[in-house]
Amino acid sequence: MKESGKIFGVLVILILLSVIGYCAFEMLHVNNEEEYYTVSVLLDDSGNERWAAFKEGLSKGAEENHIHLNILSTGRIESFAQEEALLNHELDGSSNGLILQDLYASLSGNLLQALSSSGIALELIETDEAGSLSFDTVMVDQQALGAAIASAALGKTAAGEAESERVGAYIVLGVDNGQTTLQQRLRGLNEVLESRGAEILGQFSLKNMEEDERNKLIMLLRQHPSSCLIAVDNKETELAAELLNENDLEEILLCGTGGSEKNVYYLDRGIIRALIVPNEYYHGYQSIRRLAAQMKYHTVYETKDAVEFLTVTRENLYDKELERMLFPLVR
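What you see is a predicted model, and the numbers here were worked out from it, not measured in a lab.

## Comments concerning the packing of helix α5 (residues 142-155) against helix α6 (residues 180-195)
Relative orientation and spacing of two packed helices are given, respectively, by the angle between their axes and the distance between those axes.
Phase 1 of the analysis: For the pair α5 and α6, interaxial distance at closest approach is 6 Å and the crossing angle is 40°. Classified by the angle between their axes, α5 and α6 sit oblique to one another. Between α5 and α6 lies a crossing of right-handed hand. Residue-level inspection shows Q142, Q143, L145, G146, A147, I149, A150, S151 and L154 of α5 in contact with α6, the latter providing T181, Q184, R185, R187, G188, L189, E191, V192 and L193.
Phase 2 of the analysis: Taken together, the residues that form the contact of α5 with α6 break down as 8 nonpolar, 7 polar and 3 charged.

Set out below in structure tokens:
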């Protein structure tokens, strides 16, 4: 009888320990769930492959900081009204934080202030210009990037001559559409070209270009075979490379920006002669890491985080440092 009582007591203790262990596990599980934050990401044309490395950096940072990512599905955002509608939707409070490519920074200040006042942590990317307001930012110096594109075009010809031997004129691909990033790039580009006395044959945009204007550009290129195309964003660079390839104009020098798979392909083929490429993996990783600090510790960094950019040519395309930046998926 005493033996049965001991066994019964042991069983009771084991059951109690199991219950305590289960409760402790559930409490830890609940606490872990509570540590997760939801972050929305608003990008122009979010499905475009130009964001591949950026998204890879985002995903790595989100995994390390217990963040659920919600990359909003967008097409090309071509007006402030479109951006405003998307931002107003974020005021519903479903996200703890927002990473924003603020395309129309000179117009968005009041709306960003409303988002911040609603308790949503904000991280701006690409540009450090946000009206008269100051928000935590991981940015590319867009004016310096534009200047770097111009310098690459001035300093390299199809045959590889030095700048002093450069003969020809320049055609700029990219027009001021009111977007802050593009305005800053064009400012840097034009300052360098003007300071060097470069001849500008014209300025176009290949995006949504009408057929007669496209033919006009092709004719201009045929009339000036030693000219240089300078593209100021990833899409313009892709479209320019396709234009040269499809019209047997590969002797035309093309310098641009953006590390998309298509641009890298045309660079490797020699159709693009130089690309200025920001470190988009770092850009994405740092933006989520800094936003996590805001949400967890209410910390806003006092300094902007500047993203480096590098000049990529056919000759250095497969250097180890550049490979890690251009192809983060194979790290």
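Let's pick the thread back up.
## Some thoughts on the sheet that holds strand β7 (residues 200-204)
Phase 1 of the analysis: Taken in spatial order, the 6 strands line up as β7-β6-β8-β9-β10-β12 in an open sheet, and their pairing is mixed. Because the sheet does not close on itself, it has two edges, and the strands there are β7 and β12 (309-312). On average, adjacent strands in this sheet sit at an angle of 15° to one another, irrespective of strand direction.
Phase 2 of the analysis: With 4 bridges joining them, strand β10 (residues 274-278) and β12 adopt antiparallel strand pairing. What sits directly across from L275, in β12, is V312.
Phase 3 of the analysis: Each of β6 (170-173), β8 (228-231), β9 (253-257), β10 and β12 touches α5; the most contacted strand, β9, lies at about 165° to it.

## Considering the pattern of salt bridges
Phase 1 of the analysis: Following the criterion strictly, the structure yields 12 salt bridges and no others.
Phase 2 of the analysis: D136 serves as the salt-bridge partner of R290, at 3.0 Å between the closest nitrogen and oxygen. Linking R290 in helix α10 (residues 280-297) with D136 in the loop between β4 (121-126) and β5 (137-139), this pair joins segments that are 154 residues apart in sequence. For the pair R290 and D136, one class covers both residues: buried.
Phase 3 of the analysis: We note a salt bridge from K235 to E238, for which the minimum N-O separation is 3.8 Å. Of the two residues, K235 and E238 both sit in helix α8 (residues 234-246), 3 residues apart, roughly one turn of that helix.

## Overview of the sheet that holds β4
Note on sheets: strands pair through backbone hydrogen bonds, and any given pair is parallel or antiparallel.
Phase 1 of the analysis: On the basis of which strands lie adjacent, the open sheet formed by 6 strands has the order β2-β1-β3-β4-β5-β11 and parallel pairing. Each edge of the open sheet is held by one strand with a lone partner, namely β2 (67-71) and β11 (305-306).
Phase 2 of the analysis: Pairing between β4 and β5: 3 bridges, direction parallel. Its bridge partner lying in β5, L124 is registered against T137.

## Considerations on the side chain of S95
Phase 1 of the analysis: Looking at where S95 falls in the secondary structure, it is placed in the loop between α3 (80-90) and β3 (97-101).
Phase 2 of the analysis: Note on S95: relative accessible area 7%, which makes it buried.
Phase 3 of the analysis: Within the structure, S95 has its side chain in polar contact with the side chain of S40 (distance 2.6 Å).
Phase 4 of the analysis: Other than its neighbours up to four places away in sequence, S95 contacts T38, S40, E90 and I120.

## Here we look at unusual backbone geometry
Phase 1 of the analysis: Its identity as a non-glycine residue notwithstanding, D45 has a phi of 55°, on the positive side.
Phase 2 of the analysis: As for its placement among the helices and strands, D45 is situated in the loop between β1 (37-42) and α2 (52-64).
Phase 3 of the analysis: For D45, a relative accessible area of 22% puts it in the partly exposed group.
Phase 4 of the analysis: With phi around 55°, H66 is a residue other than glycine that occupies positive phi space.
Phase 5 of the analysis: Topologically, H66 is positioned in the loop between α2 and β2.
Phase 6 of the analysis: With relative accessibility at 30%, the residue H66 sits in the partly exposed group.

## A closer look at α8
An α-helix turns once every 3.6 residues. As a result, residues three or four positions apart point the same way.
Phase 1 of the analysis: Here α8 is 13 residues long and its end C-alpha atoms lie 19 Å apart, about the 18 Å a rise of 1.5 Å per residue gives.
Phase 2 of the analysis: Those residues of α8 that sit buried are N234, E236, T237, E238, L239, A240, A241, E242, L243 and L244.
Phase 3 of the analysis: Next to the buried residues of α8 lie β6, α7 (211-223), β8, β9, α9 (261-269) and β10.
Phase 4 of the analysis: With a side-chain oxygen lying 3.2 Å from the backbone nitrogen of K235, the N-terminal cap of α8 falls on D233.
Phase 5 of the analysis: At the C-terminal side of α8, D248 shows a positive phi close to 50°.

## Some details on the layout of surface pockets
Phase 1 of the analysis: Taken as a whole, the largest pocket spans an internal volume of roughly 880 Å³.
Phase 2 of the analysis: In this structure, the largest pocket is lined by 42 residues; those nearest its centre are N48, R50, D233, N234 and K235.
Phase 3 of the analysis: Class assignment of the residues belonging to the lining of the largest pocket gives a composition of 15 nonpolar, 13 polar and 14 charged.

## What about a negative patch on the surface?
Phase 1 of the analysis: Side chains of E210, E211, D212 and E213 sit close together on the surface and give a patch of like negative charge.
Phase 2 of the analysis: Within the element layout of this structure, E210 appears in the loop between β7 and α7.
Phase 3 of the analysis: Its relative accessible area of 53% is what places E210 among the exposed residues.

## Quick look at the packing of aromatic side chains
The description of two aromatic rings rests on the distance between their centres and on the angle between their planes.
Phase 1 of the analysis: In the structure shown here, the tally under the stated rule is 3 aromatic pairs.
Phase 2 of the analysis: Its end group placed over the ring of W51, R50 keeps NZ or CZ at 3.8 Å from the ring centre.

Cut-offs and rules
Going along each chain's sequence as written, the residues are numbered from 1 onward. Residue-level local features of this predicted model are given only where pLDDT is at least 70; pairs of side-chain atoms are given and counted only at 80 or more, and the full residue set underlies all totals for whole chains, interfaces and linings. The side-chain values count all of the structure's non-hydrogen atoms but skip hydrogen atoms and water molecules. Working convention: axes come from line fits to C-alpha atoms, limited for helices to the stretch in contact. Angles between N-to-C directions cover 0 to 180 degrees. Going along the chain from the N terminus, every DSSP run of H or I of four or more residues is numbered as a helix, and every run of E of two or more is numbered as a strand. What sets the label is the angle itself: under 35 degrees gives roughly parallel, over 145 gives roughly antiparallel, 65 to 115 gives roughly perpendicular, and the rest give oblique. Left-handed describes a crossing whose near helix is turned anticlockwise from the far helix through less than a right angle; right-handed describes the clockwise counterpart. By definition in these notes, contact holds between two residues if any of their heavy atoms fall within 4.5 Å. Classification convention: Asp, Glu, Lys, Arg as charged; Ala, Val, Leu, Ile, Met, Phe, Trp, Tyr, Cys, Pro as nonpolar; all other residues, Gly among them, as polar. Any two strands with at least two DSSP bridges between them are considered paired. Only one rule defines a salt bridge in this text: a Lys or Arg side-chain nitrogen within 4 Å of an Asp or Glu carboxyl oxygen. Per-residue accessibility, obtained with a 1.4 Å probe over protein chains only, is compared with the maximum for each type, and a residue is labelled buried under 20%, exposed over 50%, and partly exposed between these values. Counted as a polar contact is a pair of N or O atoms within 3.5 Å, where, for protein atoms, one must be capable of donating a hydrogen and the other of accepting one, and residues adjacent in sequence contribute only when both atoms are in side chains. Multiplying one less than the number of residues by 1.5 Å gives the expected span of a helix. A cavity here means a set of points on a 1 Å grid, drawn over the protein atoms and nothing else, where a 1.4 Å probe fits but cannot get out; a pocket is an open set with protein on both sides within 12 Å along at least five of seven lines, and a residue lines either one if it has an atom within 4 Å of a point. Grid points are joined across faces, edges and corners, and a volume is the space filled by probe spheres set on the points. Like-charged residues are merged into a patch within 9 Å and nonpolar side chains (Val, Leu, Ile, Met, Phe, Trp, Tyr) within 5 Å, provided each residue has over 30% relative accessible area and no salt bridge. Only the protein chains shown count as covering a residue, and every accessible area follows the Shrake-Rupley method with a 1.4 Å probe. We count Lys and Arg on the positive side and Asp and Glu on the negative side, and we leave His and both chain ends out. A charged residue contributes its charge at one atom only: NZ of Lys, CZ of Arg, CG of Asp or CD of Glu. Working definition: a ring pair exists when centres of Phe, Tyr or Trp rings (six-membered ring for Trp) sit within 6.5 Å. Plane angles under 30 degrees give stacked, over 60 give edge-to-face, the rest tilted. Here, over-ring charges are defined by two tests on the NZ atom of lysine or the CZ atom of arginine: distance to the ring centre within 6 Å, and angle to the ring normal within 35 degrees.

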